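Commentary on secondary and tertiary structure
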Amino acid sequence: GAGVSQSPRYKVAKRGQDVALRCDPISGHVSLFWYQQALGQGPEFLTYFQNEAQLDKSGLPSDRFFAERPEGSVSTLKIQRTQQEDSAVYLCASSLGGGTSGAYEQYFGPGTRLTVT
Amino acid sequence: AQSVAQPEDQVNVAEGNPLTVKCTYSVSGNPYLFWYVQYPNRGLQFLLKYITGDNLVKGSYGFEAEFNKSQTSFHLKKPSALVSDSALYFCAVRDLQTGANNLFFGTGTRLTVIP
């Protein structure tokens, strides 16, 4: 079946521009996560949705980062006034379960590579 | 606080030999442990997980991992390496005590299988 998809795959933004990154999770998956992966590092958690509710946004690095999942399916990560330090790969993941059932594995999309010049 | 250590940035192994990729963790409560593999320009692919029960878990592509609570380790193993196993491997943990649903990842180990 279809996996997690993300678009665009690559994005180049000039410093100060706003960007929007899209994630289409696996159909029926309750949970959706955004991670940021810097070069040579492991993914770092940004935010978590259970259906349309954003239950955890503790990993968002600043108030320039905003995420939404209005209908409990597609999610958008928006970065306002991009800075060079925002350059990274942004990964989206979804999992079947939600709540405290963290036993479900997360399925990752291919990521969006953001380069801020 | 939770943490994951992958002490080796790079592991080289000859094709056909057994491989081990090491992972140790630190959590406040009981852990859920995961291994993922990342190929170039692709997202992370799930390999296996330990939730509860048997300490030896088997996963995709012939990989297995052993949960060792006393040593707080979850090393990834395969009896006979293939060239196609060459990739970046990440260990991840979820700390049940924190109540958070996200995974906390190690920094990754690059595995190179030499023909």
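Only a predicted model underlies this, so the values are computations on that prediction, with no experimental measurement involved.

With respect to the overall build of chain B
- Looking only at helices and strands, chain B features zero helices and twelve strands.
- Along the chain direction, N to C, the helices and strands of chain B fall in the order β-β-β-β-β-β-β-β-β-β-β-β.
- Taking the principal axes of its C-alpha atoms as reference, chain B extends roughly 45 × 30 × 20 Å.
- Every one of the 115 residues in chain B was classed for burial, and the buried ones make up 47%.
- Contacts in chain B between residues at least 24 apart in sequence constitute 57% of all its contacts with a sequence separation of at least 6.
- Roughly 5300 Å² of accessible area belongs to chain B as shown, and the carbon and sulfur atoms make up 49% of that amount.
- Taking the average place of the 9 positive charges on the side chains of chain B and the average place of its 8 negative ones, the gap between the two points comes to 5 Å.

Some points on the interface of chain A and chain B
- On the chain B side, the residues contacting the 24 residues of chain A number 20 residues.
- With both sides pooled, the region where chain A packs onto chain B buries about 1700 Å², and carbon together with sulfur makes up 52% of that total.
- The closest approach of N and O atoms between K49 of chain B and E105 of chain A, which form a salt bridge, is 2.7 Å.
- For the pair chain A and chain B, the interface holds four residue pairs in polar contact (both at pLDDT 80 or more).
- Taken together, the elements giving at least two residues each to the side of chain A that touches chain B come down to β4 (31-37) and β5 (44-50) of chain A.

Some thoughts on the sheet that holds strand β1 (residues 5-7) of chain A
All names here are of chain A.
- Pairing in this open sheet of four strands is antiparallel, and the strands run β1-β3-β8-β7 from one edge to the other. Each of the sheet's edge strands pairs with one partner strand only, and the pair in question is β1 and β7 (65-68). Strand-to-strand twist in this sheet, taken as the mean axis angle between neighbours without regard to direction, amounts to 15°.

Some points on the pairing of strand β8 (residues 64-68) of chain B
Residue and element names in this part refer to chain B.
- Examined bridge by bridge, strand β7 (residues 56-58) and β8 share three bridges and lie antiparallel to one another. Within β8, the position partnered with K58 by the bridge is E64.
- Count of turn residues in the β7/β8 antiparallel hairpin: five residues, of which Y61 carries a positive phi of about 60°.
- As paired strands, β8 and strand β9 (residues 73-78) are joined by five bridges and run antiparallel to one another. Bridging from a neighbouring strand, E66 pairs with H75 of β9.

Brief notes about the pattern of salt bridges
- Applying the stated criterion across every chain yields a total of six salt bridges over all chains.
- The residue K78 of chain A makes a salt bridge to E68 of chain A at a minimum N-O spacing of 3.4 Å. Residue K78 of chain A is found in strand β8 (residues 75-79), and its partner E68 of chain A is found in strand β7; the two are separated by ten residues along the sequence.
- A salt bridge links K58 of chain B to E64 of chain B, with the shortest nitrogen-to-oxygen separation between them at 2.8 Å.

So, the state of the cysteines
- Applying the stated criterion across every chain yields a total of two disulfides over all chains.
- Disulfide pairing places C23 of chain A opposite C92 of chain A at an S-S distance of 1.8 Å. Taking the sign of the torsion about the S-S bond as the criterion, the disulfide between C23 of chain A and C92 of chain A, at about -65°, is left-handed. A residue pair is termed long-range when its members are at least 10 positions apart, and C23 of chain A in strand β3 (residues 19-24) and C92 of chain A in strand β9 (residues 88-95) qualify at 69 residues.
- A residue is classified by how much of its surface remains accessible, and C23 of chain A, at 0% relative accessible area, is buried.
- Judged by relative accessible area, which is 0%, C92 of chain A ranks as buried.
- Across a sulfur-sulfur distance of 2.0 Å, C23 of chain B and C91 of chain B are joined as a disulfide pair.

What about the side chain of Q2 of chain B?
Residue and element names in this part refer to chain B.
- Within the fold, Q2 resides in the segment before β1 (3-5).
- Classification of Q2 as buried rests on a relative accessible area of 17%.
- Reaching out from Q2, the side chain makes a polar contact with the backbone nitrogen of D95 at a distance of 3.3 Å.
- When near neighbours in sequence (up to four residues on either side) are disregarded, Q2 contacts S26, V27, V93, R94, D95 and F104.

Analysis parameters
Residues numbered from 1 in each chain as written. Chains lettered and ligands numbered in written order. Predicted model: local features only at pLDDT ≥ 70, side-chain atom pairs only at ≥ 80, totals over all residues. Heavy atoms only, no water. Helix = DSSP H or I, 4+ residues; strand = E, 2+ residues; numbered from the N terminus. Buried < 20%, exposed > 50% of the residue type's maximum accessible area, 1.4 Å probe, protein only. Contact = heavy atoms within 4.5 Å. Areas by Shrake-Rupley, 256 points an atom, 1.4 Å probe, with all protein chains shown as cover. Lys, Arg positive; Asp, Glu negative; His and termini not counted. Charge placed at Lys NZ, Arg CZ, Asp CG, Glu CD. Buried area = accessible area lost by both parts, 1.4 Å probe. Salt bridge = Lys/Arg side-chain N within 4 Å of Asp/Glu carboxyl O. Polar contact = N/O pair within 3.5 Å; in protein donor to acceptor, adjacent residues only side chain to side chain. Pairing = 2+ DSSP bridges. Axes fitted to C-alpha atoms, helices over the stretch in contact; angles between N-to-C directions. Disulfide = S-S within 2.5 Å.

In short, shape yes, function no, at least from these values alone.
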